[in-house]
Amino acid sequence: MKVLHRIRRVFKLHRIFIKQDLKKLMEYKIDFLTGALALFITQGINIFFLTIIFSYIPDLEGWTFDQILFIYGFALLPKAIDHLFTDNLWSIGYFTVSKGDFDKYLTRPVSTLFAVTVEKFQIDALGELVVGILLLATSLPKVNFNLSFINVLLFIISVLFATFIYTGIKLITASVAFWTKRSGNVIHMFYMVNDFAKYPTTIYNRTVRAIITYIVPFAFTAFFPASYFIVGGNPWYNIGGTVVMSALLMTVGIIIWNKGVTAYESAGS
Amino acid sequence: MIYVENLKKEFKKAIKEPGLKGSLKSFIKPKNEIITAVDDISFHVSKGEILGFIGPNGAGKSTVIKMLTGILTPTSGRCEINGKIPYKNRKSYVKEIGVVFGQRTQLWWDLALRETYTVLKEIYEVDDESYKKRMAFLNEVLELDSFITSPVRTLSLGQRMRADIAASLLHSPKVLFLDEPTIGLDVVVKDNIRKAVKAINAEENTTVILTTHDLQDVENLCDRIVMIDKGNKVFDGEISMLKTKYGQSREMKFVPEDLDAFNNLDYLGEFNLKDSDIEVENDGHTVSVRFNSDAVSVEKILNYTLSKTHVKDINVKDADIEEIIKGIYRSEVKLDA
């Protein structure tokens, strides 16, 4: 009962803020269109270059163009979902802590992490989401994806947990700000590693592969789960790995965040 | 209700040397110094009391408030409010308090004010009926009606402060913390806010802790004041006590007919006074005599002056709380703690 009540409350608060962000969208149409268009175009250009490359070579380390598009499209889903819901973590790293604005989250009887993330719904991320879905839809008939019930279920699970890999990495790096006052660039540095993860990791050398598999495990947000669906593999590793990495990062992230909150020093006023 | 014992807060601050070279040096080998913002503060507040918490800029007022509201974790010492320790049971603790920081709003910048209250209603789990009643009450004391549909960012400072205070009271807190609630406001709005605080205190017996630089706030609202300076408590008691204890300073102003006669007066010699007991200031039109009424009485000064000179006008000023506090801030008035 209590849990149910809590979930209802979470949804209700999300709804209020999403509604408010949509309202803002109506108010600042140009701003939204530019934002979403920019993300759309960035992805578009990447895909355009992929097309050019593949018009000269038939396959890349054994991967066909459509397989690459599938992995690329898959990669965009967790990225976009995380972007939609937890974008406010960036501002923790850039200014909320250093300006002392974190105070307000501490005077509310909800978890600080929830209070921070619920406040912003980043609609621009819909641009990424749309590109991701389009890529998956167009490449799906040409890759060997078996649309069985279990596969669809595994697909949903892996997107969900992959999203929390993004969130976890942002959470850990944003928390650094509680000690250093600013960590925006730290978040940026780690977050950008996700660019490697959109392509088959087999095309990289061992160092890069080790980094994106074990240190900043973005490979588990795209290549490992996505390749399982189109070329097969060990589900315990490819999808189980995503679940484990995701749980690990979120746990570590929440612990560091909570430690950070007690170290928070506010700012003079 | 509120117990604060030996509360202390230290901050680590990096020492930065000037220039690029200095920056590089402190980057490679950072040096820290410890700054004690709050040294050793103890006091207690009973239920329903309005406590004025005052002190000069940088005295540590806000740091104390931030520890009491669960924002900062104390370095040592303890505070207990409603039987709870703020930084330990934060979530359940903040349900029972309201916090307003005059310097920055706690409301959501882009939300319409009405929606802000809906969000707070959800966060604090206020049921529909209490919410309705509460909004009606707050509307009455803070007059929110005229701007309740506007987004917070479009509100004037006075409206915003009223909105912030209403937001802090929505869940009927037992304790209300107001950190400079009248900063930057015009006299009418200030008066409104004081009335609202009084009404809430009277209606619900809400305990209020208020920091301010406006001594009108203190005289109007507070039963008691705690004064701190450099992280230490320097005074704790009723305002009247401050006056009787430290209000010996009097000021007398004369408008003389003949300025030269005044220059011949010798208060120091006549009453055998020390230099620190009396101060005479002559601006060519008015002569101000400030003196310690413990060392020499008003009557004596008046008699002596009138027996030697002729004056057109006399003005005697009573001990003014502002003067006393100014004296304490400048550490002219010695306090026996």
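Please read these numbers as outputs of a predicted model, since none were measured by experiment.

Let us now look at the interface of chain B and chain A. On the side of chain A, 18 residues touch chain B, which itself brings 25 residues to the contact. Of all elements in the fold, only α2 (61–68), α3 (90–94), β5 (97–101) and α4 (113–123) of chain B reach the threshold of two or more residues within the side of chain B that touches chain A. With 5 residues, the single largest contributor to the side of chain B that touches chain A is α4(B). Partitioned by chemical class, the residues of the side of chain B that touches chain A number 11 nonpolar, 7 polar and 7 charged.

What follows covers unusual backbone geometry. Residues and elements named next belong to chain B. In this model, N82 sits at a positive phi of 55 degrees, which is unusual for a non-glycine residue. Mapping N82 onto the fold places it in the loop between β4 (76–81) and α3. Of note in the backbone geometry, N272 takes a positive phi value of approximately 60 degrees without being a glycine. Its location among the elements puts N272 in the loop between α11 (267–271) and β11 (278–282). On the basis of neighbour counts, which here come to 10 C-beta atoms within 10 Å, the residue N272 falls in the exposed class.

This part takes up the domain arrangement of chain B. Buried accessible area, meaning the area lost when the parts come together, often serves as the stated size of an interface. For chain B, the domain assignment lists domain 1 (2–96 + 173–243) and domain 2 (248–318). On a C-alpha basis, the centres of domain 1 of chain B and domain 2 of chain B stand 41 Å from each other.

Residue and element names in this part refer to chain B. One way to put it is that helix α6 (residues 157–169) packs onto helix α7 (residues 187–204) with a least axis distance of 10 Å and a crossing angle of 10 degrees. Comparing their axes, α7 and α6 come out roughly parallel. Listed contacts from α7 to G158, M161, R162, I165 and L169 of α6 are V189, I193, A196 and I200.

Looking now at the nonpolar core. Grouped together as the largest cluster of nonpolar side chains are 124 residues, with contacts concentrated most on I71(A), I165(A), L51(B), F177(B) and L210(B). It is helix α3 (residues 65–86) of chain A that provides the largest number of residues to this core, a total of 11 residues. Setting aside its immediate chain neighbours within four residues, F177(B) contacts I65(B), L68(B), T69(B), I97(B), G98(B), V99(B) and I209(B). One finds F254(B), V289(B), F291(B) and I301(B) within the second-largest nonpolar core, a separate group that totals 5 residues.

This brings us to the sheet that holds strand β10 (residues 249–256) of chain B. All names here are of chain B. A sheet is described by the order of its strands in space; here 4 strands give the open sequence β11-β12-β10-β13, paired in antiparallel fashion. Edge positions in the open sheet fall to β11 and β13 (311–317), since each of these has one partner strand only. Across the sheet, the axes of successive neighbouring strands diverge by a mean angle of 15 degrees, strand direction being ignored. The strands that helix α12 (residues 298–308) touches are β10, β12 (287–292) and β13; relative to β10, the one it contacts most, it runs at about 15 degrees.

Scoring rules and cut-offs
Residues numbered from 1 in each chain as written. Chains lettered and ligands numbered in written order. Predicted model: local features only at pLDDT ≥ 70, side-chain atom pairs only at ≥ 80, totals over all residues. Contact = placed C-beta atoms within 7 Å. Helix = DSSP H or I, 4+ residues; strand = E, 2+ residues; numbered from the N terminus. Nonpolar A, V, L, I, M, F, W, Y, C, P; charged D, E, K, R; others polar. Buried ≥ 20, exposed ≤ 12 C-beta atoms within 10 Å, placed from the backbone. Domains from an automatic or database assignment. Axes fitted to C-alpha atoms, helices over the stretch in contact; angles between N-to-C directions. Parallel < 35°, antiparallel > 145°, perpendicular 65-115°, else oblique. Core = buried A, V, L, I, M, F, W, Y, C linked by C-beta atoms within 7 Å. Pairing = 2+ DSSP bridges.

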